[in-house]
Amino acid sequence: MTPATLLLARHGQTVWHAENRYAGVSDVALTDTGYAQAEALGRWAAAHPVDAVWTSPLSRAIATADPACRALGLTPHREPDLRECDFGVVEGRTLAEFAAEDPEAADAFRADPVAHPFPGAEDPRAAAGRGSAALRRVAAAHPGGRVLVVAHNTLLRLVLCSLLGVPLGEYRRVFPQLRNAAVSEIRVDGEHTALLSLNVPCAAADHAPGRGARRC
C-alpha cells in the first residue's frame, strides 16, 4: 500500500473559546477570528499540494474547511467518525465550573482523563478507536495523496496517541493543545503512522501565543 499524507487541522476559534468551554457534540459557531483562521488555512492549502479534503460533520469544521475547498476547487467529504467527543455533563461548561461542583471527579479527570472521563461522556477509548479507523479509511482512499482533514482538538489528540503508540491517558500532557487551524502532518502506511510535523501555523498572526488556544 502506498502511504498517504494526512494534514490534520483543528477547526477555527469558536464562540466558546473565550471562556474555555467544552464544545463537543454541540454545534458551536466560529468567531470572526475563527473565520479569519479558516481563510488563512485556505491560503495555505492553495499554496501546498492537497488532493482531497475531509471534515467532521460539525459546522465549525465544515466552515473551517470551506475556504480551502473553494481555493482548491474540491468538494469536501464528510466523515461522521471525525466528530468531536461528547463531553457529557461538562458540555458547554468549563473545567473550573465542574471542579467547583465535583472536585474529586475533576481531580480524577486531571490525573487520568481516559480512566476517569466526565460523567456521561463518550468513552475516550471508543473515540480514539473510531477516529483512528476513520483516518485509516481516509488514507486508504487516497494512496500516495495529500489530504487535508479538518476535525477537533480532543479527538485528534486521542487519535494521534492511538496511531503513534502513546498511552491514551497521556493525551493532555503529550499534546497539550492543537492550535486552531494549524496543520499537523502525519504519514499513514497501513498500520504504521509517522508524525512529520505538529501545530505548523498557516499565518503567524493567527497563531500568536495564547490566541484562540483551548487547553481542555
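A. Up close: the overall build of the chain. For the chain, the count of helices and strands is seven helices and six strands. Projected onto its principal axes, the C-alpha coordinates of the chain cover approximately 50 × 40 × 25 Å. Of all 216 residues assigned to the chain, the portion counted as buried reaches 51%. Taking contacts inside the chain between residues at least 6 apart in sequence as the whole, the part at least 24 apart equals 71%. The chain carries 22 positive and 24 negative side-chain charges, and their two centres are separated by 4 Å.

B. Structural detail: the state of the cysteines. With the rule as written, the count across this model stands at zero disulfides. Summary of cysteine pairing: Cys 161 is not part of a disulfide, and the nearest cysteine sulfur, belonging to Cys 85, is at 12 Å.

C. Layout of the packing of helix α5 (residues 124–141) against helix α6 (residues 153–164). Two elements in contact, α5 and α6, have axes whose closest approach is 8 Å; the angle formed by their N-to-C orientations is 75°. Taken together, the axes of α5 and α6 are roughly perpendicular relative to one another. Touching Pro 124, Ala 127, Ala 128, Arg 130, Gly 131, Ser 132, Leu 135 and Arg 136 of α5 are Leu 155, Leu 158, Val 159, Ser 162 and Leu 163, all from α6. Taken together, the residues that form the contact of α5 with α6 break down as eight nonpolar, three polar and two charged.

D. Broad picture of the sheet that holds strand β2 (residues 52–55). Here we have six strands laid out as an open sheet, ordered β3-β2-β4-β1-β5-β6, and mixed in their pairing. At either margin of the open sheet sits one strand with a lone partner, and together these are β3 (77–78) and β6 (192–200). Relative to β3, β2 runs parallel, the two being bridged by two bridges. Pairing of Thr 55 across the sheet is with Arg 78, part of β3. Sheet strands in contact with helix α1 (residues 32–47) are β1 (4–10), β4 (146–151) and β5 (183–189), and its direction is about 170° off that of β4.

E. Spatial organisation of the side chain of Thr 154. With respect to the secondary-structure elements, Thr 154 resides in helix α6. Once residues lying within four places of it in the same chain are set aside, the contact partners of Thr 154 are Glu 84, Cys 85, Phe 87 and Tyr 171.

F. Summary view of unusual backbone geometry. Even without being glycine, Asn 20 reaches a positive phi, approximately 60°. Turning to its location among the elements, Asn 20 is positioned in the loop between β1 and α1. Here the phi dihedral of Ala 181 falls at roughly 60°; this positive angle occurs in a residue that is not glycine. Tracing the backbone shows Ala 181 in the loop between α7 (171–174) and β5. According to the relative accessible area criterion, Ala 181 is buried, its value standing at 0%.

G. Quick look at the pairing of β6. Bridge analysis of β5 against β6 gives six bridges, and the strand direction is antiparallel. Within the sheet, the bridge partner assigned to Ile 186 lies in β6 and is Leu 195. Counting the residues that bridge the hairpin from β5 to β6 gives two residues, and of these Gly 190 lies at a positive phi of roughly 65°.

The rules we used
Residues numbered from 1 in each chain as written. Predicted model: local features only at pLDDT ≥ 70, side-chain atom pairs only at ≥ 80, totals over all residues. Heavy atoms only, no water. Helix = DSSP H or I, 4+ residues; strand = E, 2+ residues; numbered from the N terminus. Buried < 20%, exposed > 50% of the residue type's maximum accessible area, 1.4 Å probe, protein only. Contact = heavy atoms within 4.5 Å. Lys, Arg positive; Asp, Glu negative; His and termini not counted. Charge placed at Lys NZ, Arg CZ, Asp CG, Glu CD. Disulfide = S-S within 2.5 Å. Axes fitted to C-alpha atoms, helices over the stretch in contact; angles between N-to-C directions. Parallel < 35°, antiparallel > 145°, perpendicular 65-115°, else oblique. Nonpolar A, V, L, I, M, F, W, Y, C, P; charged D, E, K, R; others polar. Pairing = 2+ DSSP bridges.

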